[in-house]
Amino acid sequence: MKYILVTGGVISGIGKGIIASSVGTILKSCGLHVTAIKIDPYINIDAGTFSPYEHGEVFVLDDGGEVDLDLGNYERFLDIRLTKDNNLTTGKIYQSVINKERRGDYLGKTVQVVPHITDAIQDWVMRQAKVPVDDDDVEPQVCVIELGGTVGDIESMPFIEAFRQFQFKVKRENFCNIHVSLVPQIMCRCSTPLDNSVKEKISMFCHVEPEQVICVHDVSSIYRVPLLLENQGVVGYFCRRLNLPIETKPRKMLAKWKEMSDRSDRLLEQCSIALVEKYTKFSDSYASVFKALEHSALAISHKLEVKYVDSADLEASRLQEEPVRYHEAWQKLSRRCKHSLNVPGGFGVRGTEGKIQAISWARKQKKPFLGVCLGMQLAVCEFARNMLDWKDANSTEFDPETEHPVVIDMPEHNPGQMGGTMRLGKRRTIFKTKNSILRKLYGDVDYVEERHRHRFEVNPELTQHFEEKGFRFVGQDVEGERMEVIELDDHPYFVGVQYHPEFTSRPIKPSPPYLGLLLAAAGRLPGYLQKGCRLSPRETYSDGSGSSSPDSEIADLKLHSHAQE
């Protein structure tokens, strides 16, 4: 096993996650099996209780792990499936050590940071590095480890000490460290490429060879970062430093990344999407949603324009309090975001009435709409109020006394430490009809497996009333008790999903629900469906060699206007 540790200095948020993902990508393009571990030095056990304003979105894994959004970057770049143990926190380590101490595993010894905590960190990394993350179930050969924060943080000290010891445990030829720093204009982040004289100066004062100073300047797209690293000889350096079994031959996967990046820079047509949500002050709150939209826009050769609309500004109460802000929000929604509407997931009552108003607008104006998790539940509420004439229809999360509880609490009890009542992780959805747009977008499959994170569900006892009005529940869970997918008849694209498809979207394999939204927004969905969805977005990457590369050129994903007419 080869270990590559990525650390950061000067400031947090310098780009360690993208560097770690890019290093993994170029190594995987060489035919190696690569895994990734994110270390977060905070004391929380996991990210499940974080505020989106403080840490961005909570990314959900197949096993229900609620983790840092950087793991989403790893999965998207490397096209792998990680588990909750790929996210290591101070809380997890201390909990593990304390549990051992309570069991008497230390035989009465004094339990200390060194060696017990540092040993636990090393053991965790070595154990998790061996867990397969690719579909072929092969043990990884390289583990990229990102240490969050900066090396000067007091909470990072046990991890720094653990890896100081670790380099001797696994031997020099199996371990190396990439340090990401800032170069103001202080591998080096900067706005423009560095002169050789600057690189030589950094080399001299940091006690490394000049070839080990890599410049990662600002680029037009994060998808160019792997290419930037590869062009500066990173692969060759790793081959020599870690004795990696890599052949020096053209790498198909990187060629496709270059094609994708080049095409991204040439996009001319634009597609605008209104993202109606409540956490508008921090874009990372919906990082995976934005990426899924971006992947889909790229697939249809459109430039993505996302307009963030604060759902609370669409409510009648805002008209009374701040009429100017109210009218500006509705103008942004109805005029500037003319193509389609996306209502993502969320928790809490604030802004829900505004989301319902936006959904009503999309339904009546026949604007393409995708509701995710809470977005789907609110679409049910909106239809019940305006089409079934159940004026007080609501979710019991927001109105426990409603006479028409169209969304109710249906907890899935998960014993253990994941929260008890939250329905988390990968679950199967069965399509109940062949006449479903979403089923066709998934490749006309009988079922799909997507990731969930919710407590409330559509009330199954009331679904018949909706079906009679053309509001169809086309996807359900295995038992037929939980409504997973909705579609509305006589509408270009009105779709809701209880799960979070954005978590499994990939740059060259966009999520089908999001792809459908972008196709509908661009007016190309009918032609795409008529051709039998030939360009399936869920098509596998693997070419059988163990490396990630699409079966067909990325150019095949181009859906030019004339091809659809």
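Above this text you will find the structure in question.
So, here is what we can say about the structure in this document. (Residues numbered from 1 in each chain as written. Predicted model: local features only at pLDDT ≥ 70, side-chain atom pairs only at ≥ 80, totals over all residues. Heavy atoms only, no water.)

Our focus in this paragraph is the overall build of the protein chain. Broken down by element type, the protein chain carries 20 helices and 21 strands. In the protein chain, buried positions account for 58% of the 565 residues. Surface accessibility of the protein chain: about 23,800 Å² in total, with carbon and sulfur atoms responsible for 50%. (Helix = DSSP H or I, 4+ residues; strand = E, 2+ residues; numbered from the N terminus. Buried < 20%, exposed > 50% of the residue type's maximum accessible area, 1.4 Å probe, protein only. Areas by Shrake-Rupley, 256 points an atom, 1.4 Å probe, with all protein chains shown as cover.)

A word on the environment of Ser-22. By the element assignment, Ser-22 lies in helix α1 (residues 16-28). Residue Ser-22 is classed as buried on the basis of its relative accessible area of 0%. For the pair formed by Ser-22 and Leu-78, sequence separation is 56 residues and the distance between their alpha carbons is 8.5 Å. With residues up to four places along the chain from it excluded, the contact list for Ser-22 reads Phe-77, Val-225, Pro-226 and Leu-229. (Contact = heavy atoms within 4.5 Å.)

At their nearest, the axes of helix α4 (residues 90-103) and helix α5 (residues 113-129) sit 10 Å apart, and the two run at 115° to each other. With respect to their mutual orientation, α4 and α5 come out roughly perpendicular. Taken as a pair, α4 and α5 cross one another with a handedness that is right-handed. Packed against α4, whose contacting residues are Lys-92, Ile-93, Tyr-94 and Val-97, the element α5 presents Val-113, His-116, Ile-117, Ala-120, Ile-121 and Trp-124 at the interface. Grouping the amino acids of the contact of α4 with α5 by side-chain chemistry returns 8 nonpolar, 1 polar and 1 charged. (Axes fitted to C-alpha atoms, helices over the stretch in contact; angles between N-to-C directions. Parallel < 35°, antiparallel > 145°, perpendicular 65-115°, else oblique. Left-handed = near helix turned anticlockwise from the far one by under 90°. Nonpolar A, V, L, I, M, F, W, Y, C, P; charged D, E, K, R; others polar.)

A surface patch of nonpolar side chains, amounting to about 320 Å² of accessible area, comprises Tyr-94, Ile-98, Val-113 and Val-114. For the nonpolar patch, the secondary structure elements donating two or more residues are α4 and α5. Its relative accessible area of 37% is what places Val-113 among the partly exposed residues. (Patch = residues over 30% accessible without salt bridge, like charges linked within 9 Å, V, L, I, M, F, W, Y side chains within 5 Å. Salt bridge = Lys/Arg side-chain N within 4 Å of Asp/Glu carboxyl O.)

Further remarks concern the pairing of strand β10 (residues 270-277). In terms of burial, β10 is largely enclosed, as 7 of its 8 residues are buried. Bridging between β10 and strand β11 (residues 303-310) involves 8 bridges; their strand directions are parallel. Paired with Cys-271 across the bridge in β11 is Leu-304. Both β10 and strand β12 (residues 340-343) contribute to a ladder of 3 bridges, which runs parallel. (Pairing = 2+ DSSP bridges.)

Here we take up the sheet that holds β10. The sheet built from 9 strands is open, its strands ordered β11-β10-β12-β13-β21-β20-β19-β16-β17 with mixed pairing. Only two strands of the sheet have a single partner each, and these edge strands are β11 and β17 (447-454). Strand-to-strand, the axes of this sheet are offset by a mean angle of 25°, without reference to chain direction. Here helix α14 (residues 352-365) sits on the sheet and contacts β10, β12, β13 (369-372), β20 (483-488) and β21 (494-497); the angle it forms with β12, its principal contact strand, is near 150°.

Structural remark: α-helix, 3.6 residues per turn; residues separated by three or four positions point the same way. The first and last C-alpha atoms of α14 sit 20 Å apart over 14 residues, in line with the 20 Å expected at 1.5 Å per residue. Among the 14 residues in α14, 10 count as buried, and that is most of the element. When we look at burial in α14, the residues that qualify are Thr-352, Gly-354, Lys-355, Ile-356, Ala-358, Ile-359, Ser-360, Trp-361, Ala-362 and Arg-363. Lys-366 sits one or two positions beyond α14 and adopts a positive phi of about 55°. (Expected span 1.5 Å × (residues − 1).)

Relative to the helices and strands, Glu-328 is located in helix α13 (residues 323-336). For the pair Glu-328 and Leu-314, spaced 14 residues apart in sequence, the C-alpha to C-alpha distance is 9.2 Å.

Turning our eyes to something else, we now look at the sheet that holds strand β18 (residues 456-458). One open sheet accounts for 3 strands, arranged β14-β15-β18; its pairing is mixed. Two strands lie at the open edges of the sheet, namely β14 (394-395) and β18, each paired on one side alone. By the bridge criterion, 3 bridges tie strand β15 (residues 405-409) to β18 in an arrangement that is antiparallel. Bridge pairing in β18 links Ile-408 to Glu-457. Across the sheet, helix α15 (residues 374-386) lies against β14, β15 and β18, angled at about 150° from β15, the strand it touches most.

Looking now at the nonpolar core. Nonpolar side chains in soluble globular proteins generally cluster together in the buried interior. Residues Ile-4, Leu-27 and Phe-238 are the most contacted members of the largest nonpolar core, which totals 52 residues. When neighbours within four sequence positions are excluded, Phe-238 is seen to be in contact with Ile-4, Val-23, Leu-27, Cys-176, Ile-178, Asn-243 and Leu-244. In terms of nonpolar packing, the next biggest core, distinct from the first, is built from 40 residues, Ile-356, Ile-359, Cys-381 and Met-483 among them. (Core = buried A, V, L, I, M, F, W, Y, C linked by side-chain atoms within 4.5 Å.)

It is worth spelling out the packing of aromatic side chains at this point. Applying the stated criterion across every chain yields a total of 17 aromatic pairs. Arranged with centres 5.9 Å apart and planes meeting at 80°, the rings of Phe-466 and Phe-473 form a pair that is edge-to-face. Positioned over the ring face of Trp-124 is Arg-127, at 5.4 Å from the centre of the ring. Cation over ring: Arg-428 sits above Tyr-447, and NZ or CZ is 3.7 Å from the ring centre. (Phe/Tyr/Trp six-rings, centres within 6.5 Å; stacked < 30°, edge-to-face > 60°. Lys NZ or Arg CZ within 6 Å of the ring centre and 35° of its normal.)

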